[in-house]
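Close look at the chain arrangement
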Amino acid sequence: MTILESVILGAVQGLTEFLPVSSSGHLQLAKELLGVEIEDNLTFDVMLHAATVLSTIVVLWHEVWALLRGLFTKGMNDEKSFILKLIISMLPIGIVGFLLRDKIDAMLGSQYIIAIVGAMLLLTAALLAFAYYAHPRQKQTISYRDAFIIGVGQAVASMPGLSRSGTTIATGLLLGNDKAKVATFSFLMVLAPIMGQALLDIVGGGFSLTGVSTASLVAGFLSAFVVGCLACKFMIGVVKRGKLIWFAIYCAVVGCVALGTYIL
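Residues numbered from 1 in each chain as written. Predicted model: local features only at pLDDT ≥ 70, side-chain atom pairs only at ≥ 80, totals over all residues. Heavy atoms only, no water.

**As for the overall build of the chain**
Broken down by element type, the chain carries 12 helices and zero strands. For 264 residues, the compact-globule estimate of 2.2 N^0.38 gives 18 Å, and the C-alpha radius of gyration of the chain, at 18 Å, lies within 12% of that figure. Taken over the C-alpha atoms alone, the chain extends approximately 50 × 40 × 35 Å along its principal axes. Taken over 264 residues, the chain has a buried fraction of 52%. (Helix = DSSP H or I, 4+ residues; strand = E, 2+ residues; numbered from the N terminus. Rg over C-alpha atoms; globule rule 2.2 N^0.38 Å. Buried < 20%, exposed > 50% of the residue type's maximum accessible area, 1.4 Å probe, protein only.)

Encoded structure:
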């Protein structure tokens, strides 16, 4: 992999991690278009995800700092309650990661990956369209039940091509939660799972980067971080304005193209 290819893949990851269009799906499509082959797909993808985690912390620093201060304050408070909801939302993806990690990695390298991505992008489009046209009663506080259901959505979005942010945001909106609060919750709930996955890779000795130089890795990481910061700010504004339908149309078009490319 060249430095330029790594920068392009990093930019794709940083942009699509926050836009509801599936970062994993677009990353695989970008690899196919560039003709990039990496023996350990999942490890490289986790590194790019780590960059977007850092961009999330930077963009949402005020929220993160408020949660940290509340965590070390005596007694139960709104911040501790929010953190507990985040933990609850992470349980489903933790179970999926523990039980199905090898199968997901194998799926990423399968000959059917483009067809899978195409089908999941169409499902993402359907979710976003449904969330756009549905108008449930708005709740100002995300409940523990809703946090778990949104977490289930995140676990299902482990499928390549099914947008994590799109699925969690759409699920939260369909449950009747406030747009701004759902966007913030969606972006914060992914922090621990990605950092935990990276730690497990390093501790378990599975962190190998065959075919990727250090320079290419650093370039990809920085690219994903910078683009991720811009995309995170942009997406929060989009969710607040309720303009998800445009992303539904985009996912539908790309999904059809991906399936058509595979079939033809």
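**Describing the environment of L84**
Checked against the element boundaries, L84 lands in helix α5 (residues 78-108). Remark: the alpha-carbon pair of L84 and A147, spanning 63 residues in sequence, is separated by 9.3 Å.

**Some thoughts on the pattern of salt bridges**
Under the criterion given, the structure shown has three salt bridges. Its salt-bridge partner being R164, residue E17 comes within 3.5 Å of it at the nearest N-O pair. Placement of E17 in helix α1 (residues 3-18) and of R164 in helix α8 (residues 164-174) is noted, with a sequence separation of 147 residues between them. Residue classification places E17 among the buried positions, given a relative accessible area of 4%. Given the relative accessible area of 13%, R164 is considered buried. The salt bridge involving D146 is made with K139; its shortest N-O contact spans 2.6 Å. For D146, a relative accessible area of 0% gives the class buried. Taken together, the shared-partner salt bridges connect K139, R145 and D146 into one network. (Salt bridge = Lys/Arg side-chain N within 4 Å of Asp/Glu carboxyl O.)

**Considering the packing of helix α6 (residues 113-133) against α8**
Here α6 crosses α8 at 30 degrees, and the two axes come no closer than 9 Å. What the angle tells us is that α6 and α8 run roughly parallel. Relative to α8, α6 is oriented so that their crossing is left-handed. Here L127, L128, F130 and A131 of α6 come into contact with α8, specifically with G166, T167, A170 and L174. (Axes fitted to C-alpha atoms, helices over the stretch in contact; angles between N-to-C directions. Parallel < 35°, antiparallel > 145°, perpendicular 65-115°, else oblique. Left-handed = near helix turned anticlockwise from the far one by under 90°. Contact = heavy atoms within 4.5 Å.)

**Notes on the confidence of the model for the chain**
The predicted model of the chain has a mean per-residue pLDDT of 83, with 90% of residues at 70 or higher. Taken element by element, the chain is modelled with least confidence in helix α10 (residues 191-203), mean pLDDT 66, and with most confidence in helix α7 (residues 144-156), mean pLDDT 93. (pLDDT = per-residue confidence, 0-100.)

**Structural notes on helix α2 (residues 23-34)**
Relative to the 16 Å expected for 12 residues at 1.5 Å per residue, α2 spans 16 Å between its end C-alpha atoms, a close match to the ideal helical length. Extensive coverage of α2 is indicated by the burial of nine of its 12 residues. Among the residues of α2, S23, S24, G25, H26, L27, Q28, L29, A30 and K31 are the ones counted as buried. Of the residues flanking the end of α2, it is G35, one or two places downstream, whose phi is positive at about 70 degrees. (Expected span 1.5 Å × (residues − 1).)

**Description of the packing of aromatic side chains**
Applying the stated rule across the entire model yields four aromatic pairs. On the basis of an interplanar angle of 25 degrees and a centroid distance of 5.9 Å, the ring pair of W61 and W65 is categorised as stacked. Within this pair, W61 and its partner W65 are both found in helix α4 (residues 61-71), separated by four residues, close to a single helical turn. Taking relative accessible area as the criterion, W61 reaches 40% and is therefore assigned partly exposed. By relative accessible area, W65 is classed as partly exposed at 41%. Plain terms: the ring middles of Y132 and Y133 are 4.9 Å apart, the flat faces sit at 85 degrees to each other, and that makes the pair edge-to-face. A relative accessible area of 30% means that Y132 is categorised as partly exposed. Residue class for Y133 comes out exposed when judged on its relative accessible area of 57%. Directly above the aromatic system of Y144 lies the positively charged group of K85, at a separation of 5.3 Å from the ring centroid. (Phe/Tyr/Trp six-rings, centres within 6.5 Å; stacked < 30°, edge-to-face > 60°. Lys NZ or Arg CZ within 6 Å of the ring centre and 35° of its normal.)

**Looking at a nonpolar patch on the surface**
A surface patch of nonpolar side chains, amounting to about 550 Å² of accessible area, comprises W61, W65, L68, L71 and F72. The topology assignment puts F72 in the loop between α4 and α5. (Patch = residues over 30% accessible without salt bridge, like charges linked within 9 Å, V, L, I, M, F, W, Y side chains within 5 Å. Areas by Shrake-Rupley, 256 points an atom, 1.4 Å probe, with all protein chains shown as cover.)

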